[in-house]
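Breakdown of the fold
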Amino acid sequence: MKTYTKESLLKELINIRERGWITTRRKNNDGGVGNTLEDLLEIEENNLPLPNAAEWELKAQRKNTTSLVTLFHMEPSPRAFKFVPSIFLPEFGWQPTNKHKNYSAETKSFRQTISTKDYSNRGFIVQVDRTNRKVLIHFDPQKIDKEVHPQWHAEVLKKLLDPQPYWGFDDLFHKAGAKLHNCFFVTAEAKRIKKQLCFHYQDIYMLKNLNIDKFIDAIDKGNLYIDFDARTGHNHGTKFRLRSEAFVDLYAKIKKY
């Protein structure tokens, strides 16, 4: 695997940009942007080989996509409650539907992506409590779309989410800062040429000093989402995911190449 300095990595990213349209072997249109870039750089997935690799991350995203950038995984507090497997799934979960799989009657799912903008049709929303420096999940059964989820609405109508799961500002920033303190962020256009998926890497950003206030602002504005992805016996982790156009705004220092 190749190793890079910040300067040599930047030079190689510019070289890749100058190559124009590059055919990818990856099938995924969004995740494949980052995977293909790692292939071109000859580095392992999620392993940026800089001398201070612990302080730098490489992210890539397709331009004009509605897909979200996954920042990190982090389960809510209080940790002792084990909210997802112990409360969300058994108390607020629902029967999963997948025409390709036959789930048992006991299997439940808790899969949804929520933000501060609006209540989900299952009555969940993200709240920012700046006074107590917490990001919380709130549940209001009156906000459930009864026409979409009539049976589930009847099951959870009288349930309370108490205590509320939360993430402390400091814990969030420690997690985010450890992974994303400094970052190279690359955007790419995608199209098919002779039926093959191709990427053209374009904007290159060197981002420094992830800022806690900007991070919390992104949550408060509804640009940062919390994504639950769990099924009975399988918790795929709680993810913090961001609208790609809001990514550069998290940083104190931004330089575009």
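Reading the values: rules and limits
- Residues numbered from 1 in each chain as written.
- Predicted model: local features only at pLDDT ≥ 70, side-chain atom pairs only at ≥ 80, totals over all residues.
- Heavy atoms only, no water.
- Buried < 20%, exposed > 50% of the residue type's maximum accessible area, 1.4 Å probe, protein only.
- Helix = DSSP H or I, 4+ residues; strand = E, 2+ residues; numbered from the N terminus.
- Contact = heavy atoms within 4.5 Å.
- Pairing = 2+ DSSP bridges.
- Axes fitted to C-alpha atoms, helices over the stretch in contact; angles between N-to-C directions.
- 1 Å grid on protein atoms, 1.4 Å probe; cavity = no way out; pocket = protein on both sides within 12 Å on 5 of 7 lines; lining within 4 Å.
- Points joined across faces, edges and corners; volume = space filled by probe spheres on them.
- Polar contact = N/O pair within 3.5 Å; in protein donor to acceptor, adjacent residues only side chain to side chain.
- Salt bridge = Lys/Arg side-chain N within 4 Å of Asp/Glu carboxyl O.
- Phe/Tyr/Trp six-rings, centres within 6.5 Å; stacked < 30°, edge-to-face > 60°.

Some remarks on helix α3 (residues 83–92)
- All of the buried residues along α3 are F83, V84, I87, F88, L89 and F92.
- Next to the buried residues of α3 lie β4 (109–114), β5 (124–129), β6 (134–139), α4 (150–156), β10 (224–231) and β11 (234–235).

Concerning the sheet that holds β6
- The sheet built from 3 strands is open, its strands ordered β5-β6-β7 with antiparallel pairing. With partners counted over all chains shown, the strands left at the sheet margins are β5 and β7 (166–168), one partner each. The mean inter-strand angle of the sheet, taken between neighbouring strand axes irrespective of direction, is 20 degrees.
- Here 6 bridges tie β5 to β6, and the two strands are oriented antiparallel to one another. For D129, the partnering residue across the bridge sits in β6 and is K134.

Quick notes on the layout of surface pockets
- Taken as a whole, the second largest pocket holds about 240 Å³ of empty space.
- For the second largest pocket, the full set of lining residues is G93, W94, Q95, T97, A105, K108, R122, V148, H149, Q151, W152 and E155.

Focus: the side chain of D203
- If you trace the backbone, D203 turns up in strand β9 (residues 196–210).
- Only 3.3 Å separates the side chain of D203 from the side chain of K63, close enough to count as a polar contact.
- In contact with D203, not counting residues within four places along its chain, are K63, F185, V186, T187, K256 and Y257.

A look at unusual backbone geometry
- The omega torsion across S77 and P78 is -5 degrees, close enough to zero to call that bond cis.
- One non-glycine residue, N64, lies in the positive phi region at around 55 degrees.
- Within the secondary structure, N64 is located in the loop between β2 (56–62) and β3 (68–73).

Considering the pattern of salt bridges
- Scanning all chains against the criterion turns up 12 salt bridges.
- The salt bridge involving D39 is made with R25; its shortest N-O contact spans 3.9 Å. With a gap of 14 residues between them, D39 in helix α2 (residues 31–41) and R25 in the loop between β1 (22–23) and α2 connect regions that are remote in the sequence.
- Classification of D39 by relative accessible area gives partly exposed; the value is 31%.
- With relative accessibility at 76%, the residue R25 sits in the exposed group.

A word on the packing of aromatic side chains
- Summed over all chains, the structure comprises 22 aromatic pairs.
- Ring geometry for F83 versus F88: centroids 6.1 Å apart, planes at 45 degrees, classification tilted.
- Relative accessible area serves as the criterion here: at 0%, F88 is assigned to the buried category.
- Ring plane angle 70 degrees and centroid distance 6.4 Å describe the contact between F88 and F92, whose orientation is recorded as edge-to-face. On the criterion of helical spacing, the pair formed by F88 and F92 is a turn pair, its members being 4 residues apart in helix α3.

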